[in-house]
Amino acid sequence: MFTLLAIVLPAATVAVLGYVSLRQWQHSAELLSREQARDVAAMAADKVEMVLRATEDDALARLQATLAARGPVEPALDGFVAATPIAQRLYVLDRGARVVYPRAPVDGDAPVISALRVLMTRGWEDRGGRREVAVGEISVLTAVLRDGRGPALIGITRSAEGLRRQVLESLLPGQEAPTIYAIVDSAGRPVYSQRPLDGADLVAAVPFRNGFPGWRIAIYQPRGTSPVASVRRQVSIGMGALAVLIVVIAAGVVAVGRLVRRETEMARLKADFVANVSHDLKTPLSVIRMYGETLEMGRVPDDASRQEYYRVITRESERLTRLIDNVLDFSRIEGGRRRYDMAPTAVEPLVRETLDAFAYPLGQHGFKVEVEIAPDLPEVAMDADAVGQALANLVDNAIKYSGDTKWLRVEAQAADGGVAIAVSDRGIGVPREEAQKIFEKFYRVGRSDTQARRGSGVGLALVKHVAEAHGGRINVESRPGEGSRFTLWLPR
Ligand code: ADP
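Residues numbered from 1 in each chain as written. Predicted model: local features only at pLDDT ≥ 70, side-chain atom pairs only at ≥ 80, totals over all residues. Heavy atoms only, no water.

Digging into the site of the ligand
Contacts to the ligand come from 20 residues, most closely from Y401, D425, R444, S456 and L460. In this structure, G457 approaches the ligand through a main-chain N or O atom, which is 2.9 Å from an oxygen atom. At 3.3 Å, a backbone N or O of G459 approaches an oxygen atom of the ligand. Surface burial for the ligand is 98%, taken as the share of its 530 Å² of free accessible area covered by protein chains. (Near = heavy atom within 4 Å. Polar contact = N/O pair within 3.5 Å; in protein donor to acceptor, adjacent residues only side chain to side chain. Areas by Shrake-Rupley, 256 points an atom, 1.4 Å probe, with all protein chains shown as cover.)

This is the structure:
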């Protein structure tokens, strides 16, 4: 429990800290990139305005020269407008506030002309320099120039197309950069953009001060390439990595938990095993000792009884040997030191020898024993001692776990290109869900009728190991209360 907490708590802390710091990083990175974009936009706006102003100053100088020149003024002014893309409309008012140019006003000229006339207050002629006058949405550039007859007030409205051609195209950075510069009007509609804006994200916009009030210079980034988008992408990757980390840690915790549970279970089984083996050894030993002492003290009157005593001692010591062999072999298997000496062996004698060794207990319990061995069984390459021991374990179990019906059947026949030896009983059987577990080391069926019988839980593990070492297998068919049939199959 404590170990689990020791893993889970730091992992959870790392996850939370990671999440919080990723979010903070995202926030500050977004802020920073917005600020940078705004700086870039402001710089671009400054540059545009500077160039615009220089272009206009140049236009005013040319206009002054045109006005001062001799000759008909109107064609000369037409020429000036044609040569000045930035100028949309030009207005020239003489000192009497009469419109000198354009000769043929169009719709929309009237408000500009009246705005210019408003400027002609006392002393207007002496006002030098340029001024901006707002007429509705647009801004008009005005200046006092001189023509051949005296001062004149001029007004110029700007052309967006001229702005694009004369200023923006030469000024704003080239096509390669991912950033797109654009000019948007007061409603946010793009008036000009370097490249199509489809799907691009607006990163920052700063207002234009002179010339185009209400317009803004805006910076766009194609979708997915903006610093904000890349920060978001990195944050998602970070979050994904964090999630994977958490899943891995969680899987690790579950795996460790399972391992600990299995180890605990194994430790318990081992403790049971030691107790069971000691108990198993003690029973035959005390029988041997009791019979031996009785014989030694000369308390057995007749020869027949003495013979019986000797037989019991021999039988119990045989059992003891089997038991110790089992444990020793098991420990050899566990240590990877068990070796098998293969030699062609006839099956029938092996089966009969094994059963002979159990003749006494079988007879004593009144077992009905059936043996059916197919004639002409081929010899099988095997370690005869090991297979004999495996069979002995199966027969021993059939006796140990017998019920009221004392019945044992051993069959051997050719099957699947090998030989199958089956040991059947009509004993207590094995519950279906435990049928595979009984072959695991130390495993004993948990029911009280099994637990009441001596045993250490290594017999079937040994049988399985022997079967597999020969390239064969062991399996069980069983019904609780009806009996079991263990089949050991060995390849030829
Ligand atoms: P044990 O020393 O307990 O007999 P084994 O490995 O030989 O150990 O057997 C494992 C378990 O399988 C036994 O504890 C018993 O529950 C079950 N078992 C084995 N053989 C039989 C059988 N013939 N009938 C019923 N249960 C059996």
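Overview of the sheet that holds strand 4 (residues 138–147)
Taken in spatial order, the five strands make up an open sheet running 2-1-5-4-3, and their pairing is antiparallel. On the outer flanks of this sheet lie strand 2 (99–101) and strand 3 (130–135), each paired with one strand and no other. For this sheet, the mean inter-axis angle between neighbouring strands, taken without regard to orientation, is 30 degrees. Along the sheet face, helix 1 (residues 2–68) touches strand 1 (87–94), strand 3, strand 4 and strand 5 (150–158) and points at about 35 degrees away from the line of strand 4. (Pairing = 2+ DSSP bridges. Helix = DSSP H or I, 4+ residues; strand = E, 2+ residues; numbered from the N terminus. Axes fitted to C-alpha atoms, helices over the stretch in contact; angles between N-to-C directions. Contact = heavy atoms within 4.5 Å.)

Quick notes on the nonpolar core
Among the nonpolar cores identified, the biggest contains 50 residues, and V347, L408 and I438 are the most heavily contacted of them. Broken down by element, the residue count for this core peaks at nine residues, all from helix 9 (residues 384–400). In this structure, A41, Y192, W215 and I217 belong to the second largest nonpolar core, which totals 22 residues. (Core = buried A, V, L, I, M, F, W, Y, C linked by side-chain atoms within 4.5 Å. Buried < 20%, exposed > 50% of the residue type's maximum accessible area, 1.4 Å probe, protein only.)

As for the layout of surface pockets
Looking at the largest pocket, its volume works out to about 410 Å³. Residue lining of the largest pocket: 20 residues in total, with T354, D385, G388, Q389 and A392 positioned closest to the centre. Put simply, the parts of the chain that give the lining of the largest pocket at least two residues each are helix 6 (303–334), helix 7 (347–357) and helix 9. Among the elements that make up the lining of the largest pocket, the one with the highest residue count is helix 6 (seven residues). Each residue belonging to the lining of the largest pocket can be placed in one class, and the counts come to eight nonpolar, five polar and seven charged. Space inside the second largest pocket adds up to approximately 290 Å³. What lines the second largest pocket is a set of 16 residues, and nearest its centre among them are R319, P361, H365, I399 and R454. At four residues, the largest contribution of residues to the lining of the second largest pocket is made by helix 6. Of the residues assigned to the lining of the second largest pocket, the class counts are four nonpolar, three polar and nine charged. (1 Å grid on protein atoms, 1.4 Å probe; cavity = no way out; pocket = protein on both sides within 12 Å on 5 of 7 lines; lining within 4 Å. Points joined across faces, edges and corners; volume = space filled by probe spheres on them. Nonpolar A, V, L, I, M, F, W, Y, C, P; charged D, E, K, R; others polar.)

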